[in-house]
Amino acid sequence: MASYGDDKENYLRRLRRIEGQVRGLQKMVDDEKYCIDILTQVSAVTRALQSFSLGLLDEHLAGCVVDAAARGGPEADAKVREASEAIARLVRS
């Protein structure tokens, strides 16, 4: 089971909200709104996705990684490496 399972509905709700924001961006472009206004909304969507990502990462670290570390062995090493790579991808984005 995914470590975010208990919060699945919350994550889905947040994604639907982000989806609505992106649709709003499409409408702004379609309506030829002012570029700076569109960029402001792009920034808001970006922050919402970053917040979503950090919450999911926190769940992963607190659940999957901690559980694997408690068991030890190669699975623990793999989970830590996997988490480190995910953090690196988030930092680069």
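Residues numbered from 1 in each chain as written. Predicted model: local features only at pLDDT ≥ 70, side-chain atom pairs only at ≥ 80, totals over all residues. Heavy atoms only, no water.

Novice: Honestly, the nonpolar core in this entry has me stumped. Any pointers?
Specialist: For soluble globular proteins, nonpolar side chains are generally found buried alongside one another. Grouped together as the largest cluster of nonpolar side chains are seven residues: Y11, I18, L25, M28, I38, V45 and F52. Those elements that place two or more of their residues in this core are α1 (8-30) and α2 (35-71). Setting aside anything within four residues of it in sequence, one finds L25 in contact with I38, Q41, V42 and V45. (Core = buried A, V, L, I, M, F, W, Y, C linked by side-chain atoms within 4.5 Å. Buried < 20%, exposed > 50% of the residue type's maximum accessible area, 1.4 Å probe, protein only. Helix = DSSP H or I, 4+ residues; strand = E, 2+ residues; numbered from the N terminus. Contact = heavy atoms within 4.5 Å.)

Novice: Before we go on, may I ask you to explain unusual backbone geometry in this structure?
Specialist: Excluding glycine, residues mostly have negative phi values, and the peptide bonds linking residues are mostly trans. In this structure, E32 takes a positive phi of about 55 degrees despite not being glycine. One can find E32 in the loop between α1 and α2. Using a relative accessible area of 70% as the deciding quantity, one classes E32 as exposed.

Novice: Honestly, the pattern of salt bridges in this entry has me stumped. Any pointers?
Specialist: In a structure, side chains of opposite charge can pair up when their charged atoms sit close to one another. In total, this model carries four salt bridges according to the counting rule given. The shortest N-O distance in the salt bridge between K79 and E82 comes to 3.8 Å. Pair noted here: K79 and E82 are both in helix α3 (residues 73-92), with a separation of three residues, about one helical turn. You can call E82 partly exposed: its relative accessible area is 38%. (Salt bridge = Lys/Arg side-chain N within 4 Å of Asp/Glu carboxyl O.)

Novice: Teacher, can you tell me more about the environment of V91 here?
Specialist: Structurally, the position occupied by V91 is in helix α3. Residue classification places V91 among the exposed positions, given a relative accessible area of 65%. Separated by 41 residues in the primary sequence, V91 and Q50 have C-alpha atoms spaced 10.0 Å apart.

Honestly, it's all geometry; don't read function into it.
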